[in-house]
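Each chain, written out:
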Amino acid sequence: MDDRHKAFARILLEGNVEAALEYIKQYNYFDRFSIFDHIVTPSLFYIGELWEQNEISVADEHLATGVCDFVLSRLYPPAGSAGSLAKKAMFFCLEGEQHYLGLKMVSSLFEEKGWSTRNLGPNLPLEYAFNYARDWRPNIIGLSVSIVYHLPKLKTCVEALAKLPYKPIILVGGRLAGKYDLEPYCENKAVILKDLESLESWVSQTILGEKLDALS
Amino acid sequence: MHYPEEYLPVPYFKIDNNLNIISYSLEALKHFNLESKKFTSLIDEGSIDKLYNNLFSTKNNQKIELNFRTKYEEIALFETHISTDHEDHCHLVLMPIGNSIHILEERLSALQKRLLSTDFELFEKKEELVKAMKRLNELSGPFIPISEELAFVPIFGNVTAEKMKVINANTIKHVYEGDFHTVLFDFTAVGNFKSSGILLLGELFQMLNLMGNKKIKLIGLKPSHCFQLNDHLIDWPVVFESTLKQVIKTVQQKKQIQKRLT
């Protein structure tokens, strides 16, 4: 494991927006997925570790989050309307969840693949998410959970969204998906994705599957 | 000497080396549900490892941030001061810092919302710009019917592929719908010709030619244009006139002759 993510984490913690932008720009030979998977995500985990080691405070973490958000928004702005035929994906964090950067990256990856996306951000009450999904009818609904006490909410949420009459695919990710088995909370109604890599391979397999279906 | 620790104005815990709570301050009751005697039952899952790493540490008077679960089922951040005594008991004083962090969180959330809306504003501006460019291209080659037989297309600015795409579609549509015998293209206000623009201009002339019975006249070509257009001028099914005035004069003369004959 190289130390690229540590260097990026240090820049984020300094609050140096320009340096953070330049740092990511120098890896322009990496695709978006590699930037997210090899640099941004590990750097955010590393910041969490530094807090655990009592090296930094929660205030530092918040600053780093803000800078990282800025960098992602600046380097990967929304692609714009993907056309009416494009597939649709909507993302949100469960009510009470504030860790939204992971979803922001996921949304950006879907957008890069030509999907029309809506990222509803952190802390979204289920009722709002449900109504939005019912009206906009996304093919995929992705949600993120990172706090253990929200797991009962995850169960309610997956159950509710699975009842949508047009049967969207529900994806569940976030810090907890990599750490615990979330299957008991999803009961086969959702696809659980442990990290960005499993998301990437799930998406390619799904697209490949659809192409094969179309051929046969 | 006994310290009346229950009257401490902050949450305070004394725990043994099995992390059982031995005593606490009354202030602790205001924040936590103390039915379980285990101190770890108060700690958020994400802070447990941090607690283990810092309890009974050789360093005395440690200060760490820990997330606690309050009796209101919320997660709250406390700056926790820890010291160990000679009986291997840990003393923990919790200073709530959730409020100051809350302000920070609100600011962050405002910043995040701003970023989301800025993204959106930028995207909207871009769409507006694309529309404006298209409109600009439409206006750079308006189709003007001078009479039922004569149409005039003055072209403004540089001849680029983007501009010609718009002008071509517009011109073909009007010519198809009308009954024009002569279409005049005026290049007086043209700066440069881009090679991709020249190709599309040639396509336009060929298409008009294929639509039959049309005379395509080019006016206002300057010497510098001729250098850029070079061989194309010979291949194009067009004739050249010097100015609009001259063309209209010729048309009028022809009409007068026709009138006299009839």
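Residues numbered from 1 in each chain as written. Chains lettered and ligands numbered in written order. Predicted model: local features only at pLDDT ≥ 70, side-chain atom pairs only at ≥ 80, totals over all residues. Heavy atoms only, no water.

With an unreviewed UniProt entry as reference, chain B is termed Stressosome protein rsbRB, source organism Peribacillus deserti.

By the naming in an unreviewed UniProt entry, chain A goes by Cobalamin-binding protein and is assigned to Peribacillus deserti.

K.L.:
Please explain the overall build of chain B as it appears in this structure.
P.N.:
The number of helices and strands found in chain B is 8 helices and 12 strands. Put simply, chain B has 262 residues, and 39% of those count as buried. Considering only contacts in chain B between residues 6 or more positions apart, those separated by 24 or more positions represent 52%. When the accessible area of chain B is evaluated, it comes to approximately 15900 Å², of which 56% is carbon and sulfur surface. (Helix = DSSP H or I, 4+ residues; strand = E, 2+ residues; numbered from the N terminus. Buried < 20%, exposed > 50% of the residue type's maximum accessible area, 1.4 Å probe, protein only. Contact = heavy atoms within 4.5 Å. Areas by Shrake-Rupley, 256 points an atom, 1.4 Å probe, with all protein chains shown as cover.)

K.L.:
Just to check I follow, could you spell out the sheet that holds strand β6 (residues 144–145) of chain B for this structure?
P.N.:
Backbone-to-backbone hydrogen bonds join strands into a sheet, with any given pair of strands oriented parallel or antiparallel. Residues and elements named next belong to chain B. Pairing is mixed across the open sheet formed by 5 strands, whose spatial order is β6-β7-β9-β11-β12. Two strands bound the open sheet, and with one partner strand each, they are β6 and β12 (239–240). Here β6 pairs with strand β7 (residues 150–154) via 2 bridges, running antiparallel. By the bridge assignment, I144 is partnered in β7 with F152. Its contacts with the sheet place helix α8 (residues 244–261) against β7, β9 (182–186) and β11 (215–219), and it is angled at close to 140° to β11. (Pairing = 2+ DSSP bridges. Axes fitted to C-alpha atoms, helices over the stretch in contact; angles between N-to-C directions.)

K.L.:
Could you clarify how one ought to interpret the side chain of N168 of chain B in this entry?
P.N.:
Turning to its location among the elements, N168 of chain B is positioned in helix α4 (residues 161–177). With residues near it in sequence (within four places) discarded, N168 of chain B still touches L200 and L204 of chain B.

K.L.:
Even after reading the chapter, I still don't get the nonpolar core, so can you show me in this structure?
P.N.:
All names here are of chain A. F8, L12, I24, F36, V40, F110 and L199 are the most contacted members of the largest nonpolar core, which has 48 residues in total. Contributions of two or more residues to this core are made by α1 (4–14), α2 (17–25), α3 (32–52), α4 (58–75), β1 (88–93), α5 (101–112) and α10 (196–215). Examining the composition of this core, we find that 9 residues originate from one element, α3, more than from any other. Here this core spans two domains, since at least three of its residues come from each of domain 1 (4–75) and domain 2 (88–215). (Core = buried A, V, L, I, M, F, W, Y, C linked by side-chain atoms within 4.5 Å. Domains from an automatic or database assignment.)

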